[in-house]
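So you can see what is in the structure, the chains are spelled out below.
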Amino acid sequence: GGGAGGGLLENANPLIYERSGERPVTAGEEDEQVPDSIDAREIFDLIRSINDPEHPLTLEELNVVEQVRVQVSDLESTVAVAFTPTIPHCSMATLIGLSIKVKLLRSLPQLNKQLADKERVAAALENAHLLEVVNQCLSGRS
């Protein structure tokens, strides 16, 4: 297979899905007096625009992430995101998962940072090349 270092793509011709529209902001969400809990759509909005490591497409456009596979528990302050790589046994799956996790770590407030394996994520991000690739996945399209 190929990978983030160039070479052959594992899935050269992926199916491309239509992007969902922007979520309207409700009056309750704009009201600073009302406690605003994080919901699945908010999490999906954070991760849907992450770029795929191999294609100039987002995880949403490749149907790697879908809102229905995002679970949020306000009670436990947890977020769970299941994603489906474009092909079985995709070597990019770990990198995609890391990109999703880093995006959420950078975006969510402190109280929702109870994400598993913090030590492994920290160790992975000490690898300069890996961090560069993750940051490319998280940056907007040029």
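Predicted model only: the values in this text are computed from it and were never measured.

About the cut-offs
- Residues numbered from 1 in each chain as written.
- Predicted model: local features only at pLDDT ≥ 70, side-chain atom pairs only at ≥ 80, totals over all residues.
- Heavy atoms only, no water.
- Helix = DSSP H or I, 4+ residues; strand = E, 2+ residues; numbered from the N terminus.
- Buried < 20%, exposed > 50% of the residue type's maximum accessible area, 1.4 Å probe, protein only.
- Polar contact = N/O pair within 3.5 Å; in protein donor to acceptor, adjacent residues only side chain to side chain.
- Axes fitted to C-alpha atoms, helices over the stretch in contact; angles between N-to-C directions.
- Parallel < 35°, antiparallel > 145°, perpendicular 65-115°, else oblique.
- Contact = heavy atoms within 4.5 Å.
- Nonpolar A, V, L, I, M, F, W, Y, C, P; charged D, E, K, R; others polar.
- pLDDT = per-residue confidence, 0-100.
- Pairing = 2+ DSSP bridges.
- Expected span 1.5 Å × (residues − 1).

(A) Representation of the side chain of Glu61 within the structure. In this structure, Glu61 sits in the loop between α2 (40-47) and β1 (70-73). Accessibility expressed as a relative area gives 11% for Glu61, which makes it buried. Within polar-contact distance, the side chain of Glu61 engages the backbone nitrogen of Thr58 at 2.9 Å.

(B) Local environment of the packing of helix α3 (residues 93-107) against helix α5 (residues 128-138). Where α3 meets α5, the closest approach of the two axes is 9 Å, and the angle between their N-to-C directions is 70°. With respect to their mutual orientation, α3 and α5 come out roughly perpendicular. Facing α3, whose interface residues are Leu95, Leu98, Ser99, Val102, Lys103 and Arg106, α5 presents Leu130, Leu131, Val133, Val134, Asn135, Cys137 and Leu138. Here the residues of the contact of α3 with α5 are counted per class, giving nine nonpolar, two polar and two charged.

(C) Structural view of the confidence of the model for the protein chain. A residue-level look at the protein chain finds 75% of positions with pLDDT of 70 or above and a mean pLDDT of 79. Across the protein chain, the element-wise mean pLDDT spans from 64 in helix α1 (residues 27-30) up to 93 in α2. Throughout residues 1-6 the model reports pLDDT below 50, and contacts reaching past four residues in sequence, or to other chains, amount to eleven contacts.

(D) The pairing of strand β2 (residues 78-81), seen in detail. Of the strand pairs in this sheet, β1 and β2 are connected by four bridges, and their pairing is antiparallel. Counted as the bridge partner of Gln71 is Ala80 from β2. What sits between the antiparallel neighbours β1 and β2 is a turn of four residues, in which Ser77 has the positive phi angle 55°.

(E) View of α3. The end-to-end C-alpha separation of α3 is 21 Å, in line with the 21 Å expected for 15 residues at 1.5 Å each. Taken together, the buried positions of α3 are occupied by Leu95, Ile96, Leu98, Ser99, Ile100, Val102 and Leu104.

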